[in-house]
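Chain residues, written in single-letter form:
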Amino acid sequence: MFNSLTPAPPDPILGLTEAFKADPNPEKINLGVGVFKDDAGQTPILSAVKKAEELLLQFESTKSYLPISGSTGYAAGVQNLLLGEGHSLISSGRIQTAHTPGGTGGLRVAGDFLKGFNADAKLWVSNPTWANHKGVFAACGFEIEDYPYYDPKTFGLDFEAMLSTLKRIPAGDIVLLHVCCHNPSGVDPSPEQWAEIADVAAEKGWFPLFDFAYQGFGTSVEADRAPLLLFAEKGLEFVVAASCSKNFGLYNERTGSFSLVADTADSAAAAFSHVKRAIRTNYSNPSSHGGAIVETILGDAVLTQEWLSELDGMRERIHGLRSKLVDTLASKGVDRDFSFITRQNGMFSFSGLTPDQVKELRESHSIYIVGSGRINLAGITSSNLDRLCEAIATVL
Ligand code: LMR
């Protein structure tokens, strides 16, 4: 059966972690996968999470199956995070949410669900986009197209080109948009630009699919949801795949969600019945623990406050690292202007390093960044910053 197989290429992000682990250099630096690290290079379990787990250990009474869409308490918590407590989409029943295995699981559920009722639709992603987007949606059977997004000349958004392509996308096609902290570029549209994007969606009738993996890593939990509220105000239908991996630090608990917003509560319920079929034929129903942690935190005002301040701490650390990186590069004699790094949002910096420079960083310096030049800033610590900047100066 398998004799004729040649190995598949390693995953551009998770494959890098495997290569990093195998590297014997004690000074190696991993700035690849999007995982938060503190200044000691550790990915700690949030204190709010630990406390929620203690409560679960005490009060959890069964390991019986969850419903196909997961716990309703988790879904309610997620909806409050996505839209803000008391939002009319929630009170009117026009939003339905399923607990999925991570944000990636949410994307896959979205793809399977959307493919199921509009087989001819194409799916449009930004150029560039998260390295796994195309793989997930190709696996759902979609033909995938790019829309322009990042302009390497300005290190910013090529909004004119983006909008002109969005205006050509036919009704019924699906457009994937990153709600905040665009992965990999860290470049987000301004509020005014988002308003124009929502206008084009309304006018052209293409279907918005949001990837919301970094809520709280841009400005705040509240501010980061603004694009969703804008589309909701326009009365548009849309779907959202969201993740609790980063903002709750629940990476290995695979805790995410799929939500759909429909015109009426009845159509939301009907559409959601198809979502449940997509889930049942994939992973049947979600594993409980991560969702139970999130539900416990969001159901307790004190734990919620503690979580929010831990999230602020993670965001502020990364934000501070942006200017430290720019200043230290300059102090190592790099004359290229890297100040654009301070204008990017979220966990990543799109450094502008070429594939050859990325390769040299890895092969000669044991520094691992994604082939596109994406750096996970959170992997920078006081003890590796100098070595990193010296190595970048050398490869430049
Ligand atoms: C990333 O972009 O590094 C993260 O979203 C982790 C992943 O699964 O790729």
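Residues numbered from 1 in each chain as written. Predicted model: local features only at pLDDT ≥ 70, side-chain atom pairs only at ≥ 80, totals over all residues. Heavy atoms only, no water.

## Brief notes about the nonpolar core
For step 1, the next point in the chain: L177, I197, F231 and L260 are the most contacted members of the largest nonpolar core, which has 126 residues in total.
For step 2, the next point in the chain: A per-element tally of this core places helix α13 (residues 301-331) first, with nine residues.
For step 3, the next point in the chain: Both domain 1 (14-45 + 314-395) and domain 2 (65-299) contribute no fewer than three residues apiece to this core.
For step 4, the next point in the chain: Leaving out residues up to four positions away in the same chain, I197 has contacts with F159, M162, L163, L166, L177, P189, W206 and F231. (Core = buried A, V, L, I, M, F, W, Y, C linked by side-chain atoms within 4.5 Å. Buried < 20%, exposed > 50% of the residue type's maximum accessible area, 1.4 Å probe, protein only. Helix = DSSP H or I, 4+ residues; strand = E, 2+ residues; numbered from the N terminus. Domains from an automatic or database assignment. Contact = heavy atoms within 4.5 Å.)

## Overview of the pairing of strand β3 (residues 123-127)
For step 1, the next point in the chain: In terms of burial, β3 is largely enclosed, as four of its five residues are buried.
For step 2, the next point in the chain: The pairing of β3 with strand β4 (residues 144-148) spans five bridges and is parallel. Bridge pairing links V125 to D146 in β4.
For step 3, the next point in the chain: The sheet contact formed by β3 and strand β7 (residues 174-178) spans two bridges and is parallel. (Pairing = 2+ DSSP bridges.)

## Re the sheet that holds β3
For step 1, the next point in the chain: Strand order in the open sheet formed by seven strands is β2-β10-β9-β8-β7-β3-β4, and the pairing between neighbours is mixed. Of all the strands in the sheet, just β2 (95-101) and β4 have a single pairing partner and so form its edges. Ignoring strand direction, the axes of neighbouring strands in this sheet form an average angle of 25°.
For step 2, the next point in the chain: Bridge count for strand β9 (residues 238-243) against strand β10 (residues 255-261) is six bridges, and the pairing is antiparallel. By the bridge assignment, V240 is partnered in β10 with S259.
For step 3, the next point in the chain: Across the sheet, helix α3 (residues 72-83) touches β2, β8 (207-212), β9 and β10, and the angle it forms with β2 is around 110°. (Axes fitted to C-alpha atoms, helices over the stretch in contact; angles between N-to-C directions.)

## Digging into the domain arrangement of the protein chain
For step 1, the next point in the chain: Examined at the domain level, the protein chain breaks down into domain 1 (14-45 + 314-395) and domain 2 (65-299).
For step 2, the next point in the chain: Taken over C-alpha atoms, the centre of domain 1 sits 28 Å from the centre of domain 2.
For step 3, the next point in the chain: Taken together, the 16 residues of domain 1 in the interface contact 19 residues of domain 2.
For step 4, the next point in the chain: Taken together, the two surfaces of domain 1 and domain 2 that pack against each other cover about 1600 Å², and 63% of this comes from carbon and sulfur.
For step 5, the next point in the chain: Of all residues in domain 1, R315, N345 and F350 give up the largest surface area on contact with domain 2, accounting jointly for 37% of the area buried on that side.
For step 6, the next point in the chain: The tally of links from domain 1 across to domain 2 stands at zero salt bridges.
For step 7, the next point in the chain: Connecting domain 1 to domain 2 are seven residue pairs in polar contact (both at pLDDT 80 or more).
For step 8, the next point in the chain: By residue number, the principal contributor to the side of domain 1 that touches domain 2 is α13, which donates three residues. (Buried area = accessible area lost by both parts, 1.4 Å probe. Salt bridge = Lys/Arg side-chain N within 4 Å of Asp/Glu carboxyl O. Polar contact = N/O pair within 3.5 Å; in protein donor to acceptor, adjacent residues only side chain to side chain.)

## Quick look at α13
For step 1, the next point in the chain: When the terminal C-alpha atoms of α13 are compared, their 45 Å separation across 31 residues agrees well with the 45 Å that a helix rising 1.5 Å per residue should span.
For step 2, the next point in the chain: For α13, the N-terminal capping position is held by D300, with its side-chain oxygen 2.9 Å away from the main-chain nitrogen of V302.
For step 3, the next point in the chain: Note on α13: the residue one or two positions beyond its end, G333, has a positive phi of about 90°. (Expected span 1.5 Å × (residues − 1).)

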